[in-house]
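Examination of the molecular architecture
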Amino acid sequence: MPAAGRPEETTAAPGGRPADAAVETIQREMTAFARRARASAGRMHPELSLVSYTLLGHLEERDGLRATDLAAHYALDKSTVSRQVSALERAGLIERRVDPDDHRVQVLHLTGSGRRVLAQVTERRRAAFRERLARWPEDDLLRFAAYLERYNAWPGPDRGEERA
């Protein structure tokens, strides 16, 4: 970003369209963002990966879910979620409870310890974002938030398609 606080213009490659160059810039910058987010997760809580953090947050938001629901929501393989769930259980951050409506189903819930750890990490993450965005004008913050929501809300041409 230049000193004025505005993004630099994205220039198209010779013969290319500015929109094509913008898409390339978006892809590159989102990849860098994801890498930084994964790297910073360990600093926020050494035993809580970014995936674990997001799973805990979603469990809290939904007041419990089945592991298959977590896998579907994040477009993750069931085995990936199973490993994460096992690790979170061993750490005492989540527990399984029988679904009162269907005793064959187990629902994952945060434990008291899980809620405390999630709250601590969430506050650290918010503080890091506030620090990084402190000099952004309010209008830019509002637009950025709206663009991120819009991007993440897109279901794809096929609702079952994994999001980038």
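Structure's up top.
Residues numbered from 1 in each chain as written. Predicted model: local features only at pLDDT ≥ 70, side-chain atom pairs only at ≥ 80, totals over all residues. Heavy atoms only, no water.

**Things to note about the nonpolar core**
Counting 21 residues, the largest nonpolar core has L48, L56, L59, L70 and I94 as its most contacted members. When residues of this core are traced back to their parent elements, those giving at least two are α1 (18-44), α2 (50-62), α3 (67-74), α4 (78-90), β2 (102-110) and α5 (112-133). For this core, the element with the highest residue contribution is α2, accounting for 5 residues. Excluding residues within four positions of it along the chain, L56 makes contact with L48, L88, L93, I94, L110 and L118. (Core = buried A, V, L, I, M, F, W, Y, C linked by side-chain atoms within 4.5 Å. Buried < 20%, exposed > 50% of the residue type's maximum accessible area, 1.4 Å probe, protein only. Helix = DSSP H or I, 4+ residues; strand = E, 2+ residues; numbered from the N terminus. Contact = heavy atoms within 4.5 Å.)

**A closer look at the environment of D69**
Within the secondary structure layout, D69 lies in helix α3. As a C-alpha pair, D69 and V81 span 12 residues in sequence and 9.9 Å in three-dimensional space. Within polar-contact distance, the side chain of D69 engages the side chain of R66 at 2.7 Å. (Polar contact = N/O pair within 3.5 Å; in protein donor to acceptor, adjacent residues only side chain to side chain.)

**So, the pattern of salt bridges**
For the structure shown, the criterion picks out 11 salt bridges. E61 is the salt-bridge partner of R62, the closest N and O atoms lying 3.8 Å from each other. Judged by relative accessible area, which is 59%, E61 ranks as exposed. One salt-bridge network, held together by shared partners, links E60, D63 and R115. (Salt bridge = Lys/Arg side-chain N within 4 Å of Asp/Glu carboxyl O.)

**A short note on the packing of α2 against α5**
Relative placement of two packed helices is described by the angle separating their axes and the distance separating the axes. Orientation of α2 relative to α5, taken along the N-to-C sense of each, is 115 degrees, at an axis distance of 10 Å. What the angle tells us is that α2 and α5 run roughly perpendicular. By crossing handedness, the relation of α2 to α5 is classed as left-handed. For the pair α2 and α5, contact is made by L50, Y53, L56, G57 and E60 and by R115, L118, V121, T122 and R125, respectively. (Axes fitted to C-alpha atoms, helices over the stretch in contact; angles between N-to-C directions. Parallel < 35°, antiparallel > 145°, perpendicular 65-115°, else oblique. Left-handed = near helix turned anticlockwise from the far one by under 90°.)

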